[in-house]
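Structural overview for review
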Amino acid sequence: MASALWNVVEFCSLSVIIWYLTFFTEWCLHVFSHWNDFSGFPWLLRPWAEYIHMHHMRHHVEHYPVGNLRRDTPVQNGSGARAFGPPIAIIWAFFYCILPIYYWRVLVSESSILILASNYLHSQYHLAGSWFETTKYLWLRNWFNKRRSLHFYHHRHMRKNMTLGGLEYKFDKLGSTFTEVHYKKIDDPSDDQQLDK
């Protein structure tokens, strides 16, 4: 009985650590992708930093510029995976070298689920007619609208609200990149008013 209880406590503790590690990594990579002065970077890292910046800025400038933050269909170009995939793989490889295999598998599994959820929410923010906009559950619609408003504020003020999917804002707050925004709270289920583009 004590062993089973310990396994539950261990798994829960590990899950909390992975939650924060994943979203800290997401926040750091997103902040890094907005960096545009690479003169102080070591020559070996400079091309990698410029590559990440270039791919992420395409998202802001070409795919979803201010004034056109939502589209009827999502952009399917994979620039996010190309920009953030290699550093995430390097981080996973680092942890493979230092963690027991069980912990590493839990880390990769849980962080993959969190990254996919964050990416899914991020794509829904930019999708006109997202199912979140019309769900009958007002709490979910309001939850989504608030996070979409925070993300759209980021598109207008690129050094603020650096959390991509809106699942964890602790690192925005700790890093002084969080800015609260006002959004239209929906109280009537028939209200399908959209946020400003």
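Residues numbered from 1 in each chain as written. Predicted model: local features only at pLDDT ≥ 70, side-chain atom pairs only at ≥ 80, totals over all residues. Heavy atoms only, no water.

A separate point is the overall build of the protein chain. Regarding its fold elements, the protein chain presents seven helices and zero strands. Along the protein chain, helices (α) and strands (β) appear in the sequence α-α-α-α-α-α-α when read from the amino end. If one aligns the C-alpha atoms of the protein chain with their principal axes, the spans along those axes are about 55 × 50 × 30 Å. Across the 197 residues of the protein chain, 40% fall into the buried class. Taking the intrachain contacts of the protein chain between residues at least 6 apart in sequence as the baseline, contacts between residues at least 24 apart amount to 64%. (Helix = DSSP H or I, 4+ residues; strand = E, 2+ residues; numbered from the N terminus. Buried < 20%, exposed > 50% of the residue type's maximum accessible area, 1.4 Å probe, protein only. Contact = heavy atoms within 4.5 Å.)

Moving on: the packing of aromatic side chains. Tallied over the entire structure, the rule returns eleven aromatic pairs. With centroids separated by 6.3 Å and ring planes inclined at 80°, the aromatic side chains of Y20 and F171 adopt a geometry described as edge-to-face. With Y20 in helix α1 (residues 2-33) and F171 in helix α7 (residues 170-174), the pair connects residues that are 151 residues apart, well separated along the chain. What makes F171 buried here is its relative accessible area of 14%. One aromatic cluster is present, built from ring pairs that chain together Y125, W131, F132 and F144. The ring of Y64 carries R71 above its face, with NZ or CZ at 5.7 Å from the centroid. (Phe/Tyr/Trp six-rings, centres within 6.5 Å; stacked < 30°, edge-to-face > 60°. Lys NZ or Arg CZ within 6 Å of the ring centre and 35° of its normal.)

Moving on, we come to the confidence of the model for the protein chain. For the protein chain, the average pLDDT comes to 87, and 91% of its residues sit at 70 or higher. Across the protein chain, α7 holds the top mean pLDDT of 96, while helix α2 (residues 46-63) sits lowest at 88. Here residues 188-197 is a poorly scored stretch, pLDDT under 50, and it has 22 contacts once near neighbours within four places are set aside; other chains count. (pLDDT = per-residue confidence, 0-100.)

This next bit is on the pattern of salt bridges. Per the counting criterion, the structure on display carries five salt bridges. With its nearest N and O atoms 3.4 Å apart, the salt bridge here joins K146 to E180. Taken together, the residues K146 in helix α6 (residues 138-156) and E180 in the segment after α7 connect sequence positions 34 residues apart. Residue E168 pairs with K170 through a salt bridge whose shortest N-O separation is 3.9 Å. (Salt bridge = Lys/Arg side-chain N within 4 Å of Asp/Glu carboxyl O.)

What follows covers the environment of P65. Tracing the backbone through its elements, the reader meets P65 in the loop between α2 and α3 (79-98). Counting along the chain gives 41 residues from P65 to V106, while the straight-line C-alpha distance between them is 37 Å.

Looking now at the packing of helix α4 (residues 101-125) against α6. Remark: α4 packs on α6, axes separated minimally by 10 Å, with the N-to-C direction vectors making an angle of 80°. By the criterion of interaxial angle, the relationship of α4 to α6 is roughly perpendicular. Across the interface between the two elements, L121, H122, Q124 and Y125 of α4 pack against W143, F144, R147, R148, H151 and F152 of α6. (Axes fitted to C-alpha atoms, helices over the stretch in contact; angles between N-to-C directions. Parallel < 35°, antiparallel > 145°, perpendicular 65-115°, else oblique.)

Note that E26 resides in helix α1. Buried and without a salt bridge, E26 has R147 as its closest oppositely charged side chain, separated by 11 Å. Those residues in contact with E26, other than ones at most four positions away along the chain, are S118, T163, L164 and G165. (Lys, Arg positive; Asp, Glu negative; His and termini not counted.)

Attention shifts here to the environment of Y96. Among the structural elements, Y96 can be located in helix α3. The exposure class of Y96 is partly exposed, given its relative accessible area of 48%. Put simply, Y96 and F23 are 73 residues apart on the chain and 19 Å apart in space, counted from C-alpha to C-alpha. Once you skip the residues sitting within four places of it in the chain, Y96 turns out to touch I101 and W104.

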